[in-house]
Number of protein chains: 2
Amino acid sequence: MYKVNDKEYKCSVALTSDIFNDKWKLSIIWHLLSEEKRFKELHEIMSDITQKTLTVKLKELEAKNIINREVYPQVPPKVVYSLTPAGARLKGVFKEMYNWGISYASEHGEVTSEDNDVCCDTYIANKIGINK
Amino acid sequence: MYKVNDKEYKCSVALTSDIFNDKWKLSIIWHLLSEEKRFKELHEIMSDITQKTLTVKLKELEAKNIINREVYPQVPPKVVYSLTPAGARLKGVFKEMYNWGISYASEHGEVTSEDNDVCCDTYIANKIGINK
DNA sequence: CCGCATCCTCATCGATACTG
DNA sequence: CAGTATCGATGAGGATGCGG
């Protein structure tokens, strides 16, 4: 049994999956793996999340010590989000997810385009060195 | 871009996280990693899931070719669930999640008991060889 | 034993508008 | 630019009962 922030978990996988059972958190972390980003940058990349929801999710991740929030006291405001060491360690999980997804798609799906979007996939995978 | 079962994904991580963004699926797969199980066994281990929800989740996983469903035509009925090759390949992801959870708990949480419950953690980790 | 059918609750997320 | 506030929609999951 583990206790983190007043929440109890039966095992370490349950603890980890608490971060993963979420529509947005994984995506936010994924985009921060390559480099820190401003609020606006994140919002532009994740075009289908609302500003409010993004704010909420960033707060939750900050509370769990997965990301850092740094405020520059200037006008207009500038707030930069980056991964903590704990957040950065999630790279190993993403690497496995990345490779599993590729093998699964080759079995059960089809590749509809080989994009190199700044949003995802090969672009980020290359950047953070999990490609292969 | 990947297309699997009429659903489009921008990247392989998004594809994988489609399985993970769920309150129960990860837990079901985790319990099937060590060995196949009957419906009732799963229900007993995952004591806080309702029968209906378990049924729904098993169907979803079956539709995605993550698990097999084998019906023994007998009375009373016997239905056994097991992982497909694709499901079994998720072990690598779990291994990373397992280790991340442990390191995270050692930083930000506390170990409240060293259980060896059949439910989780060290018990299953040992069984499927992802311990350490 | 296993699963389906209803009905219902409630957290999560979206739309929109407004502030320092 | 980076939030907050309010209200409303929606859909996953829970409770219960029935059936092969």
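The name given to chain A in an unreviewed UniProt entry is Transcriptional regulator, with Poseidonibacter parvus as the source organism.

Student: How should the domain arrangement of chain A be read in this particular structure?
Tutor: When the parts of a complex come together, some accessible area is lost, and that lost area is often used as the size of the interface. Residues and elements named next belong to chain A. By the assigned domains, chain A splits into domain 1 (23-86) and domain 2 (90-132). With ten residues of domain 1 at the interface, the matching set in domain 2 holds 13 residues. Buried area between domain 1 and domain 2, summed over both chains or domains, comes out near 1,000 Å², and the portion from carbon and sulfur atoms is 79%. Of all residues in domain 1, Trp30, Leu33 and Ser34 give up the largest surface area on contact with domain 2, accounting jointly for 56% of the area buried on that side. The interface formed by domain 1 and domain 2 contains zero salt bridges. Along the contact surface separating domain 1 from domain 2 lie zero residue pairs in polar contact (both at pLDDT 80 or more). When residues of the side of domain 1 that touches domain 2 are assigned to their parent elements, the largest contribution, six residues, is made by helix H2 (residues 25-34). Here the residues of the side of domain 1 that touches domain 2 are counted per class, giving seven nonpolar, two polar and one charged.

Student: Just checking my understanding: could you explain the confidence of the model for chain A for this structure?
Tutor: Predicted coordinates in areas of low pLDDT are best not read in detail. Looking at chain A as a whole, the pLDDT averages 87, with 90% of positions reaching at least 70. Within chain A, strand E5 (residues 78-83) of chain A carries the highest mean pLDDT (97), whereas helix H7 (residues 121-127) of chain A carries the lowest (68).

Conventions we followed
- Residues numbered from 1 in each chain as written.
- Chains lettered and ligands numbered in written order.
- Predicted model: local features only at pLDDT ≥ 70, side-chain atom pairs only at ≥ 80, totals over all residues.
- Heavy atoms only, no water.
- Domains from an automatic or database assignment.
- Contact = heavy atoms within 4.5 Å.
- Buried area = accessible area lost by both parts, 1.4 Å probe.
- Salt bridge = Lys/Arg side-chain N within 4 Å of Asp/Glu carboxyl O.
- Polar contact = N/O pair within 3.5 Å; in protein donor to acceptor, adjacent residues only side chain to side chain.
- Helix = DSSP H or I, 4+ residues; strand = E, 2+ residues; numbered from the N terminus.
- Nonpolar A, V, L, I, M, F, W, Y, C, P; charged D, E, K, R; others polar.
- pLDDT = per-residue confidence, 0-100.

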